[in-house]
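# Observations on chain architecture
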Amino acid sequence: MQISDKGLALIKDFEGFSDVAYLCPAGVWTIGYGHTNGVQEGDTMSEEVAEQLLKDELSQKYEPQVQKLTEGLELTQGQFDALVSFVYNVGAHSLAHSTLLKKLKEGKTEEAAAEFLRWNKARGEVQAGLVRRREAERELFLS
């Protein structure tokens, strides 16, 4: 399974595009659509490069991570897209050890969906952007 255009659009919308490296709320240098690997202060990037980098990272890293963690489950496209967005934002380790994944594996879809809303903090503080992102991921998960 691959992320759909709807899932890609959700990630792009919430990550936002920046052509110049910046420190995100978690204190990590970020550029493009949420790219962090090797980013340093002063880096620049075009939107075209950023979109291709995002697509490559999703297909080569984040989609396989979600596929591995959900092996044996029959996910809907919305569930897969929401989980890829979630993992892109918080990492596969977080999903692997989450109640969200536990509930999903137990077949408790509604309870799993509700777990997205708990992941709304950076550096211990609730972030309005994360509140909105988790609600959007939850809605996509249930679609």
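Notes on the structure follow. (Residues numbered from 1 in each chain as written. Predicted model: local features only at pLDDT ≥ 70, side-chain atom pairs only at ≥ 80, totals over all residues. Heavy atoms only, no water.)

Of the strand pairs in this sheet, strand S1 (residues 18–23) and strand S2 (residues 29–32) are connected by three bridges, and their pairing is antiparallel. Along S2, the bridge assignment pairs Leu23 with Trp29. Connecting S1 to the next strand, S2, in antiparallel fashion are five residues, including Gly27 with a positive phi near 85°. (Pairing = 2+ DSSP bridges. Helix = DSSP H or I, 4+ residues; strand = E, 2+ residues; numbered from the N terminus.)

Take the packing of aromatic side chains next. Aromatic ring pairs are reported here in terms of the distance separating the ring centres and the angle at which the planes meet. Applying the stated criterion to the full structure yields five aromatic pairs. Seen from their ring centres, Phe86 and Trp119 are 5.3 Å apart, and the 90° between their planes marks the pair as edge-to-face. Of this pair, Phe86 sits in helix H3 (residues 77–90) while Trp119 sits in the loop between helix H6 (109–115) and strand S3 (121–122); the two residues are 33 residues apart in sequence, bridging distant segments of the chain. Residue class for Phe86 comes out buried when judged on its relative accessible area of 0%. The class for Trp119 is partly exposed, based on a relative accessible area of 28%. Aromatic rings pair up to connect Phe86, Phe116, Trp119 and Phe141 into one cluster. (Phe/Tyr/Trp six-rings, centres within 6.5 Å; stacked < 30°, edge-to-face > 60°. Buried < 20%, exposed > 50% of the residue type's maximum accessible area, 1.4 Å probe, protein only.)

Before going further, it helps to examine unusual backbone geometry. Even without glycine at this site, Arg123 takes up a positive phi of about 55°. Here Arg123 lies in the loop between S3 and strand S4 (125–126). For Arg123, a relative accessible area of 66% gives the class exposed.

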